[in-house]
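# Structural overview
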Amino acid sequence: MYRMIFILIVMFVFGVTKGQETLVNALNNNSQTYYYDSLSFDQYQRQDYKSLIATLKEAEQLGVTFPYLNYRKAIAYYELKNYAKAAKYYEKALYDVPGDLFLKESLYSAYLLSGQSVKADIFAKTLPKISQENLGFSPSFVDFIRISGGYVFSDNNEKMRNSIANLDTINQYQDMMLGGITLGFNLSNRVKLNAGYNLFNTKFERFAQNSLQHSDLLSQHQFNLGMEFHLKNNFSWGFTSGFYAIEKNNKSTDSTLDRERRWSIPSSQSNFYNLSALVFFSKRFTYVMPEISFAYSDFAFSNQFQSKLQFTYYPFGNLNFYGITSGAIILNNDENRSKQTIFSQNLGVKLVGNMWLDGMVSIGNHLNYITDRSFVVYDTYDPIKFISSLSLSYYFKKITISGTYSWTQREGWAFTNYYTEFLKYKYNNQLVNLAIKWNF
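One numbering rule holds for all chains: residues counted from 1, following each sequence as written. Where totals are concerned, whole chains, interfaces and linings use all residues; where local detail is concerned, this predicted model gives features only for residues with pLDDT of at least 70, and gives and counts side-chain atom pairs only at 80 or more. Side-chain metrics in this entry use all non-hydrogen atoms of the structure; hydrogen atoms and water are not considered.

So, on to a nonpolar patch on the surface. On the surface, Phe281, Ile292, Phe294, Leu309 and Phe311 cluster together into a nonpolar patch covering about 430 Å² of accessible area. In this text, helices come from DSSP runs of H or I with a minimum length of four residues, and strands from runs of E with a minimum of two, each type numbered from the N-terminal end. For the nonpolar patch, the secondary structure elements donating two or more residues are strand S9 (288–297) and strand S10 (304–313). Within the secondary structure, Phe311 sits in strand S10. Patch rule: a residue counts if its relative accessible area is over 30% and it has no salt bridge; like charges are joined within 9 Å, and nonpolar side chains (Val, Leu, Ile, Met, Phe, Trp, Tyr) within 5 Å. Each accessible area is a Shrake-Rupley estimate made with a 1.4 Å probe; only the visible protein chains count as cover when residues are assessed. For this document, the term salt bridge refers to a Lys or Arg side-chain nitrogen within 4 Å of an Asp or Glu carboxyl oxygen.

Quick look at the structure:
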């Protein structure tokens, strides 16, 4: 009996003690919640956003939470122009205040300003009309139209061949004119279709036996069709096919003419038709988007297989500075060609207002290299060994105007010393290109 009474007394004392501890913990938690809520609100009002973020991080580490924690953190990152992080916390804040239109409009802007345009469009379609009007968003079946044109100046000319000693024969691919159009379509919220056409006209000269044998204008037509599928959790994948009609240099326009008999060597023309296919997979994280792609092509009487790994990154969470680093390997079944490797680095920076500057350097043998999700293909007559370029772009409303200057080093070949020696030589091309893009 006494033992039972003793156990009951001990249990009562233990229960009272635990209850006191629970009460104290609750009071402490309420006190901490009130402290961090009040302090963060004060920092928000004073626009001390760096201190606000530090305060909220400290609260999260202690397990303290309150309704406007994520909202204030999102606003702080947004005001500090870290739009990628702002979007992340705006998404979390939606669970706390799901009906806040200002929050939703801010989330849309954060998506756009952090380079997540597809996600922004998908989200904007869930907003009421009044918010869409405030944001200037109007859904359209046509996503964009881009028109471009340029000219390539080459030093692979008469001066170049005159500098080669004991020259017997040489094929020279010289200046080029180029132009193209690309269209994007929104088939659904998460499916996009891109279609492109490009035309290249290259001047060609064949020199042999101390005289100009042929002078041609070779044409190349390029058609591309690609699909993009944007999945949940920031995953995306797609594929692109390409068709190419390439005019080879056996078209004869020999100017040799018997003036008395009035005849000339008849011309002949050969077109070669080639195909390419590419598939890619990517995922967008807060600051980086890795992408892997695999491609196939059948240019130049051989089969090429390409794998490419690319990282697009926004180190400050915005479009004021960004970069793209990529590496590719090309394998083909031509015994005379070794494995090709290409390394590329792109950097973009906002200069002032709505003006951006982009720079690119690419090293390696680019012959038959497929990039830009197959909308840029280097199926050139001569291999490109080095590329550098600068692009200046100006954005206003829904139109983008871009000017690009590019310098490339290419590799040509010739026979010398009575056709006993095969000579490789380097020459330079300079491209000036203009483009205009309408976003709908």
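Axes here mean lines fitted to C-alpha atoms, for a helix over just the part in contact, with angles spanning 0 to 180 degrees between N-to-C directions. At their nearest, the axes of helix H3 (residues 69–79) and helix H4 (residues 83–96) sit 8 Å apart, and the two run at 160° to each other. On the basis of their axis angle, the class for H3 and H4 is roughly antiparallel. When the axes of H3 and H4 are compared, the crossing they make is left-handed. Residue-level contacts link Asn70, Tyr71, Lys73, Ala74, Ile75, Tyr77 and Tyr78 of H3 to Tyr83, Lys85, Ala86, Tyr89, Tyr90, Lys92, Ala93 and Asp96 of H4. By residue class, the composition of the contact of H3 with H4 is 10 nonpolar, 1 polar and 4 charged. In these notes the angle categories are as follows: under 35 degrees is roughly parallel, over 145 is roughly antiparallel, 65 to 115 is roughly perpendicular, and the rest is oblique. Should the near helix be turned counterclockwise from the far one by less than a right angle, the crossing is left-handed, whereas a clockwise turn marks it as right-handed. Contact definition: two residues touch when any of their heavy atoms are within 4.5 Å. Amino acids are sorted into nonpolar (Ala, Val, Leu, Ile, Met, Phe, Trp, Tyr, Cys and Pro), charged (Asp, Glu, Lys and Arg) and polar (every other residue, Gly among them).

Buried residues of nine kinds, namely Ala, Val, Leu, Ile, Met, Phe, Trp, Tyr and Cys, make up a nonpolar core once their side-chain atoms join them within 4.5 Å. Buried means the residue's accessible area, taken with a 1.4 Å probe over protein chains only, is under 20% of the maximum for its type, while exposed means over 50%, and partly exposed covers the values in between. Counting residues in hydrophobic clusters, the biggest one holds 31 residues, and the most contacted among them are Tyr71, Tyr90, Leu103, Leu107 and Phe123. Of all the secondary structure elements, the ones that give two or more residues to this core are helix H2 (49–61), H3, H4, helix H5 (101–113) and helix H6 (117–124). Apart from residues lying up to four places away in sequence, Leu107 is in contact with Ala87, Tyr90, Glu91, Leu94 and Phe123. If you look at the next biggest cluster of nonpolar residues, it comprises 11 residues, including Ile170, Tyr173, Phe207 and Tyr427.

Bringing the pairing of strand S16 (residues 384–396) into the picture now. In this sheet, S16 lies alongside strand S13 (residues 355–364) in antiparallel orientation, the contact comprising 9 bridges. Bridging from a neighbouring strand, Ile363 pairs with Phe386 of S16. Strands were regarded as paired on the criterion that DSSP finds at least two bridges between them. Inspection of the sheet shows S16 paired to strand S17 (residues 399–416) by 12 bridges, in the antiparallel sense. Paired with Ser389 across the strands is Ser406, a residue of S17. Taking the residues that link successive antiparallel strands as the turn, the S16-S17 hairpin has 2 residues, and the phi of Lys397 there is positive, at about 55°.

Let us now look at the packing of aromatic side chains. Centre distance within 6.5 Å is the pairing criterion for rings of Phe, Tyr and Trp, where only the six-membered ring of Trp is used; planes under 30 degrees apart are then read as stacked, over 60 as edge-to-face, and the remainder as tilted. Counting across every chain of the model gives 33 aromatic pairs. For the pair Tyr108 and Phe137, a centre-to-centre distance of 6.1 Å together with 70° between the ring planes defines the contact as edge-to-face. Taken together, the residues Tyr108 in helix H5 and Phe137 in the loop between helix H7 (129–135) and strand S1 (142–154) connect sequence positions 29 residues apart. Assigned by exposure class, Tyr108 and Phe137 land together as buried. The interplanar angle of 40° and the centroid separation of 6.0 Å between the aromatic rings of Tyr425 and Tyr427 together place this pair among those described as tilted. Side by side, Tyr425 and Tyr427 carry an identical accessibility label, which is buried.

Moving on, we get to the packing of H4 against H5. Interhelical geometry of H4 versus H5 gives an angle of 150° and a closest axis separation of 8 Å. The angle between H4 and H5 places the two elements in the roughly antiparallel class. Remark: the crossing between H4 and H5 carries left-handed chirality. On the side of H4, the interface is formed by Tyr83, Ala86, Ala87, Tyr90, Glu91, Ala93 and Leu94, while H5 contributes Leu103, Lys104, Ser106, Leu107, Ala110, Tyr111 and Leu113. Residues of the contact of H4 with H5, tallied by class, amount to 11 nonpolar, 1 polar and 2 charged.

This part is about the environment of Pro67. Inspection of the secondary structure assignment puts Pro67 in the loop between H2 and H3. What makes Pro67 exposed here is its relative accessible area of 54%. Taking C-alpha positions, Pro67 is 9.1 Å from Asp37, a pair spaced 30 residues apart along the chain.

Further remarks concern H5. Helix length check: H5 (13 residues) gives 18 Å between terminal C-alpha atoms against 18 Å at 1.5 Å per residue, within 8%. Three or more residues of H5 are buried, namely Leu103, Glu105, Ser106, Leu107, Tyr108, Ser109, Ala110 and Tyr111. Considering only its buried residues, H5 is in contact with H3, H4, H6 and H7. As used in this structure description, the phrase polar contact means that two N or O atoms lie within 3.5 Å; if the pair is within protein, one of them must be able to donate a hydrogen and the other to accept it, and residues adjacent in sequence are counted only when both atoms belong to side chains. Between the side-chain oxygen at the start of H5 and the backbone nitrogen of Phe102 there is a gap of 3.0 Å, and the oxygen is on Asp100. In the segment just after H5, Gly115 is the residue with positive phi, at about 85°. In this analysis, the expected span of each helix is defined as 1.5 Å times one less than the number of residues it contains.

With that out of the way, let us pick up the pairing of strand S18 (residues 421–439). In terms of strand pairing, S1 meets S18 through 11 bridges, oriented antiparallel. Among the inter-strand pairings, Ser154 is bridged to a residue of S18, identified as Asn429. Pairing geometry for S17 and S18, over 18 bridges, is antiparallel. Along S18, the bridge assignment pairs Glu411 with Lys426. Between S17 and S18, which follow one another and run antiparallel, lie 4 residues, and Asn417 among them has a positive phi close to 50°.

By themselves, these are just geometric observations and shouldn't be taken as functional.
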